[in-house]
Amino acid sequence: FPNVIRPPLTHISCVLLSVIILLSVGTVCGNVLVIISVVYFKQLHVPTNYLILSLAVADLLVGVLVFPFSMAFTVTSCWYQEDLYCKIRGSLDITLSTASILNLCCISVDRYYAVCQPLTYKSKINDRIVGVMILVSWGVSATIGIGIIVAGFNQGKCEGSCLIDALISTTLACIFSFYMPVSIMLSIYLKIYLVAQKQAKNILRTNCQKAKPAAIASKTERKATKTLAIVLGVFILCWTPYFLCIVFQPLTYKVTPISVIEALNWLTLSNSMLNPFIYAFFYSWFRSAF
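Residues numbered from 1 in each chain as written. Predicted model: local features only at pLDDT ≥ 70, side-chain atom pairs only at ≥ 80, totals over all residues. Heavy atoms only, no water.

1. Looking at the pattern of salt bridges
And then number 1: The full count for this structure, using the stated rule, is one salt bridge.
And then number 2: Among the ionic pairs, Arg 111 bridges to Asp 110, the shortest N-O distance being 2.8 Å.
And then number 3: Of the residues examined, Arg 111 reaches a relative accessible area of 0% and is grouped as buried. (Salt bridge = Lys/Arg side-chain N within 4 Å of Asp/Glu carboxyl O. Buried < 20%, exposed > 50% of the residue type's maximum accessible area, 1.4 Å probe, protein only.)

Here it is, written out as structure tokens:
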């Protein structure tokens, strides 16, 4: 963000750092529980949970890598520096946020086939396909992160139309890395909701006697879809304010308080801590595993 003013540090910063440390510990512990549960218990070795495992790894890395960088950032003036520290921090943020978004996209596709096409679900979404989806998600994320670092080292001084180019590139990056994937996921879950409603009406119409069980998504699959839709909703609530600020802040031509930007940044990071609590609250098998 241009035109950012950093206020002098106060004792409140120390309190905030303590809260951030607790947030980091909660993020790490919660996601470690999810990872151990999926890896250790064979009952959880299903395609959907492998995708949840991949998402938990991204959230864990946020707690281990991004949180320390962000805590250090609150007591430094990184905004006007072109050092390796800032480039690595930005690269980690983009890499892990992209990994989270792509994993959520994969989960959305998994839920679509589980509910909308239950007869072909096991043949289309198997361990091999899920493995490919996870590798592609992390491969694309790593490529973007490395590209950001390389572009940062090759970037020269800002001259001429540099600010306009930066604004255009930032807007396009937000569209392709956040708004477009989220729009696709919302469309998928809307389709899932309509199909689930139709299935529920069919079950009521036949009183569960003439309906074909194999052609209708099970109650467990529908509940899993509802839980993962909540995960997506929480993700959108945590991330949308930050991306809106990225797009509209340069257009205001006003000084942005650093406290506002950091608050939005920590709101996005808090999403990595919330997912394990959602699983524990809605999934009985995750509660038993925990």
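2. With respect to empty space enclosed by the protein
And then number 1: Applying the stated rule across the entire model yields one cavity of 30 Å³ or more.
And then number 2: Approximately 100 Å³ is the volume attributed to the largest cavity.
And then number 3: The wall of the largest cavity is formed by 13 residues, among which Val 62, Leu 96, Ser 97, Trp 239 and Ser 272 lie closest to the centre.
And then number 4: Among the elements of the structure, α2 (47–73), α3 (84–116), α7 (219–252) and α8 (258–282) are those that each provide at least two residues to the lining of the largest cavity. (1 Å grid on protein atoms, 1.4 Å probe; cavity = no way out; pocket = protein on both sides within 12 Å on 5 of 7 lines; lining within 4 Å. Points joined across faces, edges and corners; volume = space filled by probe spheres on them. Helix = DSSP H or I, 4+ residues; strand = E, 2+ residues; numbered from the N terminus.)

3. Observations regarding the packing of aromatic side chains
Each pair of aromatic rings is reported with the distance of its centres and the angle of its planes.
And then number 1: Tallied over the entire structure, the rule returns 16 aromatic pairs.
And then number 2: Between Tyr 179 and Phe 243, the aromatic rings sit 6.4 Å apart at their centres with planes inclined by 75°, giving edge-to-face as the arrangement. Of this pair, Tyr 179 sits in helix α6 (residues 162–206) while Phe 243 is found in helix α7, placing the two residues 64 residues apart along the sequence.
And then number 3: Assessed through its relative accessible area of 8%, Phe 243 is described here as buried.
And then number 4: An angle of 45° between the planes, with centres 5.9 Å apart, marks the rings of Phe 286 and Phe 290 as tilted.
And then number 5: Residue class for Phe 290 comes out partly exposed when judged on its relative accessible area of 34%.
And then number 6: Three or more aromatic residues joined by ring pairs make a cluster, and in this case those are Phe 178, Tyr 179, Phe 235, Trp 239, Tyr 242 and Phe 243. (Phe/Tyr/Trp six-rings, centres within 6.5 Å; stacked < 30°, edge-to-face > 60°.)

4. What to know about the environment of Ser 123
And then number 1: Along the chain, Ser 123 turns up in helix α4 (residues 121–124).
And then number 2: At 2.9 Å, the side chain of Ser 123 forms a polar contact with the backbone oxygen of Thr 120. (Polar contact = N/O pair within 3.5 Å; in protein donor to acceptor, adjacent residues only side chain to side chain.)

5. Here we look at the nonpolar core
Soluble globular proteins tend to pack their nonpolar side chains together in the buried interior.
And then number 1: With 49 residues, the main nonpolar core has Ile 52, Leu 104, Ile 107, Tyr 279 and Phe 286 as its most contacted residues.
And then number 2: Here the element with the most residues in this core is α7; it accounts for 12 residues.
And then number 3: Once residues within four sequence positions are removed from consideration, Tyr 279 is found in contact with Val 34, Ile 52, Leu 55, Leu 228, Val 231 and Phe 286.
And then number 4: Core analysis: the next-biggest nonpolar cluster, separate from the first, contains 11 residues, Val 62, Val 66, Leu 92 and Trp 266 among them. (Core = buried A, V, L, I, M, F, W, Y, C linked by side-chain atoms within 4.5 Å. Contact = heavy atoms within 4.5 Å.)

6. Observations concerning a nonpolar patch on the surface
And then number 1: Taken together, the side chains of Ile 94, Val 132, Val 136, Val 140 and Ile 144 make up a nonpolar region of the molecular surface, amounting to roughly 360 Å² of accessible area.
And then number 2: When residues of the nonpolar patch are assigned to their parent elements, the largest contribution, four residues, is made by helix α5 (residues 127–154).
And then number 3: Of the residues examined, Ile 94 reaches a relative accessible area of 35% and is grouped as partly exposed. (Patch = residues over 30% accessible without salt bridge, like charges linked within 9 Å, V, L, I, M, F, W, Y side chains within 5 Å. Areas by Shrake-Rupley, 256 points an atom, 1.4 Å probe, with all protein chains shown as cover.)

7. Thoughts on the side chain of Ser 141
And then number 1: You can see Ser 141 is positioned in helix α5.
And then number 2: Of the residues examined, Ser 141 reaches a relative accessible area of 0% and is grouped as buried.
And then number 3: A polar side-chain atom of Ser 141 sits 3.0 Å from the main-chain amide nitrogen of Ala 99.
And then number 4: Not counting residues up to four positions away in its chain, the partners in contact with Ser 141 are Thr 95, Thr 98, Ala 99 and Leu 102.

8. Topic: a positive patch on the surface
And then number 1: A cluster of basic residues, Lys 219, Lys 223, Lys 226 and Arg 287, forms a positive patch at the surface.
And then number 2: With three residues, α7 is the single largest residue contributor to the positive patch.
And then number 3: Relative to the elements of secondary structure, Lys 226 occurs in helix α7.
And then number 4: Classification of Lys 226 as exposed rests on a relative accessible area of 57%. (Lys, Arg positive; Asp, Glu negative; His and termini not counted. Charge placed at Lys NZ, Arg CZ, Asp CG, Glu CD.)

9. Digging into the environment of Cys 105
And then number 1: Take Cys 105: it is sitting in helix α3.
And then number 2: Sequence separation of Cys 105 and Leu 186 is 81 residues, and the distance between their C-alpha atoms is 9.8 Å.
And then number 3: Leaving out residues up to four positions away in the same chain, Cys 105 has contacts with Pro 181 and Met 185.

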